[in-house]
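Reading the structure
Here is how the chains run, residue by residue.
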Amino acid sequence: MEYLQSLGHKGLSFFQRLGRGHILLANIVMGLHTLLPRLRLVLIQVFSVGVLSLIIILVSGLFVGMVLGLQGYNTLVDFGAEESLGVVVALSLVRELGPVVSALLFAGRAGSALTAEIGLMKATEQLSAMEMMAVDPVRRVLAPRFVAGVISMPLLAAIFSAVGVLGGYFVGVGLLGVDEGAYWSQMQSSVDLYDDIYNGVIKSIVFGIVVTWIAVFEGQDAIPTSEGVSRATTRTVVHSSLAVLGLDFVLTALMFGD
Amino acid sequence: MTTRITEIWVGLFVAGGMAALFMLAMQVSNLSTYSNEEGYDIEARFEDASGLKVRSPVTMAGVTIGRVKDIVFDDNTLQAVVIMRLDNVHNRLPDGTSASIYTAGLLGEKYVGLEPGSSANECEDMMLEAEMEGREFDPANCQSKPGYLAEGSKIQITQGSMVLEKLIGQFVSKFLTEGDGKAKDNAGDNTGGGTDNTETTKGQKG
Amino acid sequence: MTDASPIVKIRGLSFSRGNRKIFDGVDIDIHRGKVTAIMGPSGTGKTTLLRLIGGQLHPDAGTIHVDTQNVPDLSYRQLYALRKRMGMLFQNGALLTDMNVYDNVAFPLREHTRLNERLIRSLVLMKLEAVGLRGARDLMPSELSGGMSRRVALARAVAMDPMIMMYDEPFTGQDPISMGVVVRLIRTLNDALGLTSIIVSHDIAETAAIADHIYLLSGGKVVAQGSSKELDESDSEWAQQFMKGLPDGPVPFHYPAREFTEDLFDLDNASRGVRP
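Residues numbered from 1 in each chain as written. Chains lettered and ligands numbered in written order. Predicted model: local features only at pLDDT ≥ 70, side-chain atom pairs only at ≥ 80, totals over all residues. Heavy atoms only, no water.

So, on to the overall build of chain C. In terms of helices and strands, chain C carries 10 helices and 10 strands. Summarising its shape, the C-alpha atoms of chain C cover approximately 75 × 50 × 40 Å along the three principal directions. At a minimum sequence separation of 6, the contacts of chain C that also span at least 24 residues come to 62%. As displayed, chain C offers around 14,000 Å² of accessible surface, 52% of which is attributable to carbon and sulfur atoms. Between the averaged position of the 31 positive side-chain charges in chain C and that of its 33 negative side-chain charges there is a distance of 9 Å. (Helix = DSSP H or I, 4+ residues; strand = E, 2+ residues; numbered from the N terminus. Contact = heavy atoms within 4.5 Å. Areas by Shrake-Rupley, 256 points an atom, 1.4 Å probe, with all protein chains shown as cover. Lys, Arg positive; Asp, Glu negative; His and termini not counted. Charge placed at Lys NZ, Arg CZ, Asp CG, Glu CD.)

Have a look at this one:
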């Protein structure tokens, strides 16, 4: 009986949080027009959300591309098809790894930082103080961060994929001796602008929205103590990673499952 | 001062992201091989167009000169009608050109390969005739223009997809019938059945 | 006290958090130009009261009229318009940590006005001068002491020249000198700028020194009110206990529990709290 009760309580609080999250999203979107004359706020956040994530994206993109080049070569060479290395590297990066891995890294780097920052602002009453100064924290603090995340994510994913393709090139062409012309031309003939690149960009925009939304919400919804903020930060990383992987399946099924 | 640096960094970041997107579009994808949408459509009927897709390449002499635009099924002739769009620059293909569906490599994609055939045009015939007879040929005498593929042309000679299973099936049945004959010929030869098997396996590998 | 109508008029206010009733039919009047103190033991919801006046929380019942507008009924737009005329000093200052002192004080001006930077500069320096921190304008909030950040927050709160200033525990955790500074500042700002001040505190001596009128809250109700002199002389047990700081009285020393002897010899539950 007690177990049932706690189950029901958990279910209710889950739906309550879900509702609060969507109300927050609606508030952010409805307040977006107030951001238009103040794009500087977004710019500053693009710096802390996007630019500061660059290093991790560049390094991981390079290594993921290099690993793909190595693994792809070892598999393809058995079939005498190592000319297709470019296709393997580019397709796996553009379709899947670029958007997904960079979204996971983004959640870990920028998402957790956003939650911690907003959570601490709440814990130190900065959000309350803004509200009492008649400045809506949703519009002044949350919305610019949200927009910056949505802008940065596709750019980061594109950088990740591009660097990865170069990494595959270094390993495949530079070290393993795949023909340079074959690497690029096979890639170009198999990767489609709309089917692959365009869909990859759409994926990364969706991931950007979801990850920053979760991060911003968890920050705003954090219990204003140091423990609450640290738990909210953990939740951001866990929830947004799960959301990215789950959504990736759904989006892939929608886009490529013809 | 710090805001200036922030702005520069953000500018670099956005430019880098855009450059990466641009590189993906230009260098990695087939955008660079996209011809401009201008071109002319030709049509070919195949018994079997399996494996062929819209936007599959159309090649001649191994060079892509167009793309498959549409594939439909004709209820009357029970054939696959493949509509191809060829680039405008390649406007001097003889109208006797034949089309076949090939596979790029063993497991690769299907594509349409065009092979030039003699154009069914009187002038060329007359020219050939004249050459053979050692006469002087005056093109001005010839009224009809040479026939080229143009918008709406239909390719007459076609060869549909090779379906691996069909081929193997044919191969196997051929060997089986041959094997039967052999078995009859060499009645009493015990190794007959064994030969059959090895041949079949070879056939499948091929 | 004054014949003018009160600027803040609270009637029948009830508010609860979970199952705990924090306010149960509270009536409070705050008069123009006066310093009114809301006092009471910790946990009586004094801060909550300020949040209710500021519209950050919604009461279960009752009305909160601020300058004739009932706060719980206001729309988003009206509420934000009203808040521009309120200033609030938070317990720890709540300075925006990513800006320096100057930008913090300039923040409400930049958000709400289209003044040019030169005008903003003179306004900010004026406010900082009033709290004696004009020299600290380039420091970041993390470089300030607790008392200093509270003074900066005070400068920021009065930057928009509000009609009401609310102080949340302005005296806690301060050394005697900065406490004295803040006490003097509250009074002088109130009189010089013609504000109405509401102080929430449990520091009797400091509050009593500057408050014109004191409300004593306990158990979700107003248990006593009057000037500090009246409360000192009142025969209410609550007032006596609170004003004199007696350990036991109507506010019990013990958290509600069973009889001590009963608890001590409760052998059934003795294993609880014993390490296995």
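Glancing now at the interface of chain B and chain A. With 24 residues of chain B at the contact, the number on the chain A side is 28 residues. Looking only at chain B, the three residues that lose the most surface to chain A are Phe13, Leu24 and Val28 of chain B, adding up to 29% of its buried area. The interface formed by chain B and chain A includes 0 salt bridges. (Buried area = accessible area lost by both parts, 1.4 Å probe. Salt bridge = Lys/Arg side-chain N within 4 Å of Asp/Glu carboxyl O.)

Before going further, it helps to examine the interface of chain C and chain A. Contacts between the two partners involve 23 residues from chain C, matched on the other side by 16 residues from chain A. Overall, the association of chain C and chain A removes approximately 1,800 Å² of surface from exposure, summing both partners, and the carbon and sulfur fraction of that is 55%. In this structure, Arg140 of chain A engages Glu111 of chain C in a salt bridge whose closest nitrogen and oxygen atoms are separated by 2.6 Å. Across the contact surface, chain C and chain A share 10 residue pairs in polar contact (both at pLDDT 80 or more). When residues of the side of chain C that touches chain A are traced back to their parent elements, those giving at least two are helix H2 (76-83), strand E6 (86-89) and helix H3 (101-112) of chain C. In the side of chain C that touches chain A, the residues fall into 12 nonpolar, 6 polar and 5 charged. (Polar contact = N/O pair within 3.5 Å; in protein donor to acceptor, adjacent residues only side chain to side chain. Nonpolar A, V, L, I, M, F, W, Y, C, P; charged D, E, K, R; others polar.)

One key point about sheets: their strands pair by backbone hydrogen bonds, in either a parallel or an antiparallel sense. Residue and element names in this part refer to chain B. The mixed open sheet is built from 8 strands, whose spatial order is E7-E1-E4-E3-E2-E6-E5-E8. Strands with a single pairing partner mark the edges of an open sheet, and in this sheet they are strand E7 (154-155) and strand E8 (158-159). Bridging between strand E1 (residues 39-46) and strand E4 (residues 79-87) involves 8 bridges; their strand directions are antiparallel. Its bridge partner being in E4, Asp41 is matched across the sheet by Arg85. (Pairing = 2+ DSSP bridges.)

Quick look at the environment of Thr34 of chain A now. Residues and elements named next belong to chain A. The residue Thr34 is located in the loop between helix H1 (2-30) and helix H2 (39-49) in this model. With relative accessibility at 26%, the residue Thr34 sits in the partly exposed group. Residues Thr34 and Phe106 lie 72 residues apart in sequence; the distance between their C-alpha atoms is 27 Å. Polar side-chain contacts of Thr34 include one of 2.5 Å to the backbone oxygen of Gly31. (Buried < 20%, exposed > 50% of the residue type's maximum accessible area, 1.4 Å probe, protein only.)

Residues and elements named next belong to chain B. As for its position among the elements, Thr97 is in the loop between E4 and strand E5 (98-103). Within the structure, Thr97 has its side chain in polar contact with the backbone oxygen of Pro94 (distance 2.5 Å). Excluding residues that lie within four positions of it along the chain, Thr97 makes contacts with Met60, Leu114, Glu115, Pro116, Gly117, Leu149 and Ile155.

This next bit is on the nonpolar core. Residue and element names in this part refer to chain C. With 110 residues, the main nonpolar core has Ile53 and Val66 as its most contacted residues. In this structure Val66 touches Ile7, Val8, Ile53, Val71, Leu82, Met86, Met163 and Ile164, once residues within four positions along its chain are discounted. In this structure, Val101, Tyr102, Val124 and Val152 belong to the second largest nonpolar core, which totals 35 residues. (Core = buried A, V, L, I, M, F, W, Y, C linked by side-chain atoms within 4.5 Å.)

Our focus in this paragraph is the sheet that holds strand E7 (residues 164-168) of chain C. Residue and element names in this part refer to chain C. With mixed pairing, the 6 strands of this open sheet are ordered in space as E6-E7-E8-E3-E9-E10. For this open sheet the edge positions go to E6 and strand E10 (221-226), each flanked by a neighbour on one side alone. Between one strand axis and the next, the sheet turns through 20° on average, direction left out of account. Relative to E10, strand E9 (residues 213-218) runs antiparallel, the two being bridged by 5 bridges. Paired with Leu217 across the two strands is Val222, which belongs to E10. (Axes fitted to C-alpha atoms, helices over the stretch in contact; angles between N-to-C directions.)

As a further point, take the packing of H1 of chain A against helix H6 (residues 137-175) of chain A. All names here are of chain A. Remark: H1 packs on H6, axes separated minimally by 9 Å, with the N-to-C direction vectors making an angle of 95°. Taken together, the axis directions place H1 and H6 in an arrangement best described as roughly perpendicular. Contacts between H1 and H6 involve Leu24, Leu25, Asn27 and Ile28 from the former and Val138, Leu142, Ala143 and Phe146 from the latter. In the contact of H1 with H6, the residues fall into 7 nonpolar, 1 polar and no charged. (Parallel < 35°, antiparallel > 145°, perpendicular 65-115°, else oblique.)

On to helix H4 (residues 85-123) of chain A, then. Because an α-helix packs 3.6 residues into every turn, residues spaced three or four apart end up facing the same way. Where H4 of chain A bends most, the angle comes to about 55°, and this point is Leu93 of chain A. Positive backbone phi, approximately 65°, marks Glu125 of chain A, located one or two places after H4 of chain A. (Bend = angle between axes of the 7 residues up to and from the residue.)

With that settled, the discussion passes to the packing of aromatic side chains. Applying the stated rule across the entire model yields 8 aromatic pairs over all chains. With 4.7 Å between their ring centres and 40° between their planes, Tyr76 of chain C and Tyr80 of chain C make a pair best called tilted. You can see Tyr76 of chain C and its partner Tyr80 of chain C sitting in helix H2, 4 residues apart, about one turn around the helix. The exposure class of Tyr76 of chain C is partly exposed, given its relative accessible area of 41%. In textbook terms, an aromatic cluster arises when at least three aromatic residues are bridged by ring pairs, as seen for Tyr169, Phe170, Tyr183 and Trp184 of chain A. (Phe/Tyr/Trp six-rings, centres within 6.5 Å; stacked < 30°, edge-to-face > 60°.)

Before going further, it helps to spend a moment on the confidence of the model for chain C. Residues and elements named next belong to chain C. Counting all residues, the mean pLDDT for chain C is 83, and 92% of those residues have values of 70 or more. Within chain C, helix H9 (residues 237-244) has the poorest average pLDDT of any element, 73, and H3 the best, 90. Confidence metrics for the complex model read pTM 0.75 and ipTM 0.79. (pLDDT = per-residue confidence, 0-100.)

Pairing between side chains of opposite charge can happen when the charged atoms of each approach one another. All names here are of chain A. All chains considered together, the criterion is met by 29 salt bridges over all chains. Close ionic contact of Glu96 with Lys203 constitutes a salt bridge, the shortest N to O distance being 2.8 Å. With Glu96 in helix H4 and Lys203 in helix H8 (residues 193-221), this residue pair connects regions lying 107 residues apart in the sequence. On the accessibility criterion, Lys203 (0% relative accessible area) is buried. Glu227 is the salt-bridge partner of Arg231, the closest N and O atoms lying 3.6 Å from each other. Residue Arg231 and its partner Glu227 are both found in helix H9 (residues 226-256); the two are separated by 4 residues, about one turn of the helix. Residue Arg231 is classed as partly exposed on the basis of its relative accessible area of 47%. Here the residues in one salt-bridge network are Arg17, Arg20, Glu218, Asp221 and Arg235, joined through shared partners.

Another point: unusual backbone geometry. A positive phi angle is found at Glu125 of chain A, which is not glycine, with a value near 65°. Checked against the element boundaries, Glu125 of chain A lands in the loop between H4 and helix H5 (126-132). In the Ramachandran plot, Ala61 of chain B falls in the positive-phi region, its phi being about 55° despite a non-glycine side chain. Inspection of the secondary structure assignment puts Ala61 of chain B in the loop between strand E2 (57-60) and strand E3 (63-74).

A separate point is a nonpolar patch on the surface. Residues and elements named next belong to chain A. A cluster of nonpolar side chains, namely Ile55, Leu58, Val59 and Phe63, defines an oily patch on the protein surface of about 370 Å² accessible area. With respect to the element layout, Phe63 can be found in helix H3 (residues 54-76). For Phe63, a relative accessible area of 49% puts it in the partly exposed group. (Patch = residues over 30% accessible without salt bridge, like charges linked within 9 Å, V, L, I, M, F, W, Y side chains within 5 Å.)

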